[in-house]
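# Summary of structural features
Listed below are the residues making up each chain.
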Protein chains: 2
Amino acid sequence: MVIMAGAKPITAPGWTGTERTSLALIDCDVHQTVRQIEDLFPYLPRAYRQQAQEQGIRFPGSGYFNVAGDAARTDLETSCDRDGHNIRKRDYNFDEVRDHHLNMWHVDYALLTGASVYGASILPDPDFAAATARAFNDYTLEHWATKDDRFLIAMAVSTGDPRTAVEEIHRIADHPQVKAIMLPTGNRMPYGNRYYHPIWEACEQHGLVVGIHPGNEGAGMAGPPTGVGYPTYYIENRMARPQMAMAHAVSLIAEGVFEKYPTLKVLIDECDQFWSVGLMWHMDADWKSLRDQTPWVKKLPSEYFRGHIRVGSQPMLEPENHEQFFQMLEMLHADETLVYSSDWPHWDWDDPATTFPKLPEHLHKRVFAENAREMFGL
Amino acid sequence: MVIMAGAKPITAPGWTGTERTSLALIDCDVHQTVRQIEDLFPYLPRAYRQQAQEQGIRFPGSGYFNVAGDAARTDLETSCDRDGHNIRKRDYNFDEVRDHHLNMWHVDYALLTGASVYGASILPDPDFAAATARAFNDYTLEHWATKDDRFLIAMAVSTGDPRTAVEEIHRIADHPQVKAIMLPTGNRMPYGNRYYHPIWEACEQHGLVVGIHPGNEGAGMAGPPTGVGYPTYYIENRMARPQMAMAHAVSLIAEGVFEKYPTLKVLIDECDQFWSVGLMWHMDADWKSLRDQTPWVKKLPSEYFRGHIRVGSQPMLEPENHEQFFQMLEMLHADETLVYSSDWPHWDWDDPATTFPKLPEHLHKRVFAENAREMFGL
């Protein structure tokens, strides 16, 4: 890869050329993965390794096409396998993240949100699923966490048997870089369901954020990716992400998760942002009429949202003009709810310098650092 | 029912006490229904009538609780069956609609959006489903349409076999009061799917609007009401409506329905409004990157939305202040996309006088009359 002269944003995303003295940039969505799925084999029990060698890992797929080149930035040439198009042959490697992301943009912390094993939660066999999540965590701790203390880890868990997720959380949650768990949007039940509560209890106990990120939509046991069945095209699948984010957020609030686990925080990445606004307004109005049906929801739904749910900035919605952009941020209470996410190294990633218009300094600090710092307890 | 003295809004929703000389108020969602499901029997073929007499009509239900009193306004006492709580025993009767809605609010036209047979589309037997839709239409034409020429009819159709819907459209679409078809949000596939195209073709041929209204979420063959499975409570089911509206709107645009049927109009009632804004912004941005995958989508998705999709005002979202209300209306392009809907006589209905803050006169006319007039070709 060739770096063009002058392309490096010397001071972005800070505001001056002076030395920085505090956290300025936390990126809540950076993907790491294995170079090839076989990289997980050393971390798998022998029985599953043997099955995987003979039959492949068999994560379910949804059948929706993605972009050409399978989702990664084509400017990151070293990450592309020039001989094929299998994403599992790609190398989201450490040198690239360091040189072309952490160092280039002066990222203070980057949450590694994984890839590869999102499908574990919709695998039929919960023990195999748990083994793949555990293997990916061991791989991440060994090959990523050790290399740079700017990495925060959103550990993989699978939900097929919540007890396996709880065990895995207890096993590694006290690692100083582990700050979250990562779950896919696509799953069999919305995340407020009591089925998942033991996982939330373990997260609260260890101070882990519950991360939710697109994945598994319409695949395996996840069911259709919309409330009206299977759409046809990739763009529709992408547009289903805000819908799934809404369903999870509503469920978490309506089932009283934030009353039961009052310090729990949820990060919803890569589902855009504006669904949050209509949801808060609509759910608040409905709650006023219907709260006798869910008496454990003691406050306005928007209060739970603003207190507990954080939305990642990528893909940052593009209003028709800057005025609407700022109106949207105010409606969203972005100073509380919005965190910067790059989605590095995917094709539709958002860099920290050009994604936003110039924000007021207070809001800039909240979005690019403070909201995430508070969420992760840094 | 007792009318309180002074309760009648003399001039609402007009702007002066002077005589009105043009269309001022079109209500795009007024429910009519049968007093009891047996009222449909005279219109059913003998075989189905016999089955229904022996086994009931058997429309699928979803198992979600609704509000006490089963959804209707308790102030409309004559519509309540004081001996029971079965909505099918309720009488949404003509006298009430005339006295306490059409006359009270000076409604010029009211779209009768039905009830009772929304479940036809998710019945397993497509011929029985078509027979119930046909029976409901015959009942509506005989007992409602004839009584007041302010009624416009959104005719019932079922989608289990699109050919039956096409036949029913050809049968009655030229009745001067029939202006739309009515479909439930909950169905097996999103409405852009090619499966439905023969229905859209027939609608375009007869100038009928395609109406979509909440119904069937999670019931019968409709599948789960969210993209992440079945939520637990009624409020979650209500919050799934914007999600389903998004899925249908995205599908209609992505599958090129409005290129194939360039005069087709779609009315989405009772799903709130603000989902439209994020959807237009997000889908426009995605389309710029992905349009090679759906080359029949020739314009920005928001252009199709603004040109072809209309959203009903009920339930009108309640922003934190009037300033945000007007910002939202602008982002929504409400002067093109928003139509007034009351959802009469349901408990969460919105009256035409107090639901909105005072709108600028041009916008008022568009929302309360002109957008609907153009949609229905009045």
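Small disclaimer: the values here were computed from a predicted structure and weren't measured.

## Let's talk about the overall build of chain A
When its secondary structure is counted, chain A shows 12 helices and eight strands. Nonlocal contacts in chain A, meaning residues at least 24 apart in sequence, comprise 81% of its contacts between residues at least 6 apart. Accessible area for chain A stands at about 14,300 Å²; split by element, carbon and sulfur atoms hold 49% of it.

## Examining the interface of chain A and chain B
Each side of the interface is counted separately: chain A has 63 residues, and chain B has 63 residues. Here chain A packs against chain B, burying approximately 5,300 Å² in sum over the two surfaces, 64% of which is carbon and sulfur. Where B:Arg238 meets A:Asp286, a salt bridge forms, and the shortest distance between an N and an O atom there is 2.7 Å. One can count 14 residue pairs in polar contact (both at pLDDT 80 or more) joining chain A with chain B. Those elements giving two or more residues to the side of chain A that touches chain B turn out to be α6 (234–254), α8 (275–290) and α10 (322–331) of chain A. No other element matches the 14 residues that α6(A) contributes to the side of chain A that touches chain B. Taken together, the residues of the side of chain A that touches chain B sort by class into 34 nonpolar, 19 polar and 10 charged.

## Overview of the side chain of B:Asp269
Residue and element names in this part refer to chain B. Looking at the element boundaries, Asp-269 is found in the loop between β6 (266–268) and α8 (275–290). One buried charge, Asp-269, has no salt-bridge partner; the nearest side chain with opposite charge is Arg-241, at 11 Å. Of the polar contacts made by the side chain of Asp-269, one reaches the side chain of Ser-341; its length is 2.6 Å. Beyond its immediate sequence surroundings of up to four residues, Asp-269 is in contact with Cys-28, Asp-29, Thr-113, Ile-212, His-213, Pro-214, Gly-312 and Ser-341.

## With respect to the packing of α8(A) against helix α9 (residues 301–308) of chain A
Residues and elements named next belong to chain A. Closest axis-to-axis distance for the α8/α9 pair is 7 Å, and the angle between their directions is 145°. Of the residues in α9, those in contact with Trp-275, Ser-276, Leu-279, Met-280, Met-283, Asp-284 and Trp-287 of α8 are Pro-301, Ser-302, Phe-305 and Arg-306. Taken together, the residues that form the contact of α8 with α9 break down as seven nonpolar, two polar and two charged.

## Examining the relation of the copies chain A and chain B
Once chain A is rotated about the relating axis by 180° and shifted along it by 0.0 Å, it coincides with chain B to within an RMSD of 0.0 Å. Both copies of the chain, as the preceding transformation shows, are related through a two-fold rotation axis. Most of the interface of chain A is mirrored in chain B, where 100% of its interface residues are also at the interface.

## Considering the confidence of the model for chain A
Residue and element names in this part refer to chain A. Mean pLDDT over chain A: 90, with 90% of residues reaching 70 or higher. Below pLDDT 50 for its whole length, residues 1–11 participates in 14 contacts with residues either more than four positions away or in separate chains. In this model residues 79–90 is a low-confidence stretch, pLDDT under 50, and it forms 25 contacts with partners more than four residues away in sequence or in other chains. Interface predicted TM-score (ipTM) for the complex: 0.92; the corresponding pTM is 0.93.

## Section: the sheet that holds strand β4 (residues 178–184) of chain B
All names here are of chain B. Strand order in this open sheet of eight strands is β1-β2-β3-β4-β5-β6-β7-β8, and the pairing throughout is parallel. The sheet is open, and its two edges are formed by β1 (26–30) and β8 (338–339), each paired on a single side. In terms of strand pairing, strand β7 (residues 309–312) meets β8 through two bridges, oriented parallel. Directly across from Gly-312, in β8, lies its bridge partner Val-339. Sitting on the sheet, helix α9 (residues 301–308) touches β6 and β7, and the angle it makes with β7 is about 65°.

## A short note on the nonpolar core
Ranked by internal contacts, the top residues of the largest apolar core, which has 212 residues, are A:Ile181, A:Trp200, B:Ile181 and B:Trp200. Setting aside residues no more than four positions away along its own chain, B:Ile181 makes contact with B:Ala154, B:Met155, B:Val157, B:Ile169, B:Ile199, B:Trp200, B:Cys203, B:Leu208, B:Val209, B:Val210 and B:Gly211.

## Quick look at the environment of A:Phe305
Residues and elements named next belong to chain A. Note on placement: Phe-305 falls in helix α9. Put simply, Phe-305 and Leu-252 are 53 residues apart on the chain and 9.3 Å apart in space, counted from C-alpha to C-alpha. If sequence neighbours within four positions are ignored, Phe-305 has contacts with Ala-249, Ile-253, Trp-275, Ser-276, Leu-279, Met-280, Arg-310, Val-311 and Thr-337.

Each value, and the rule that gives it
Residues numbered from 1 in each chain as written. Chains lettered and ligands numbered in written order. Predicted model: local features only at pLDDT ≥ 70, side-chain atom pairs only at ≥ 80, totals over all residues. Heavy atoms only, no water. Helix = DSSP H or I, 4+ residues; strand = E, 2+ residues; numbered from the N terminus. Contact = heavy atoms within 4.5 Å. Areas by Shrake-Rupley, 256 points an atom, 1.4 Å probe, with all protein chains shown as cover. Buried area = accessible area lost by both parts, 1.4 Å probe. Salt bridge = Lys/Arg side-chain N within 4 Å of Asp/Glu carboxyl O. Polar contact = N/O pair within 3.5 Å; in protein donor to acceptor, adjacent residues only side chain to side chain. Nonpolar A, V, L, I, M, F, W, Y, C, P; charged D, E, K, R; others polar. Buried < 20%, exposed > 50% of the residue type's maximum accessible area, 1.4 Å probe, protein only. Lys, Arg positive; Asp, Glu negative; His and termini not counted. Axes fitted to C-alpha atoms, helices over the stretch in contact; angles between N-to-C directions. Least-squares fit on C-alpha atoms with pLDDT ≥ 70 in both. pLDDT = per-residue confidence, 0-100. Pairing = 2+ DSSP bridges. Core = buried A, V, L, I, M, F, W, Y, C linked by side-chain atoms within 4.5 Å.

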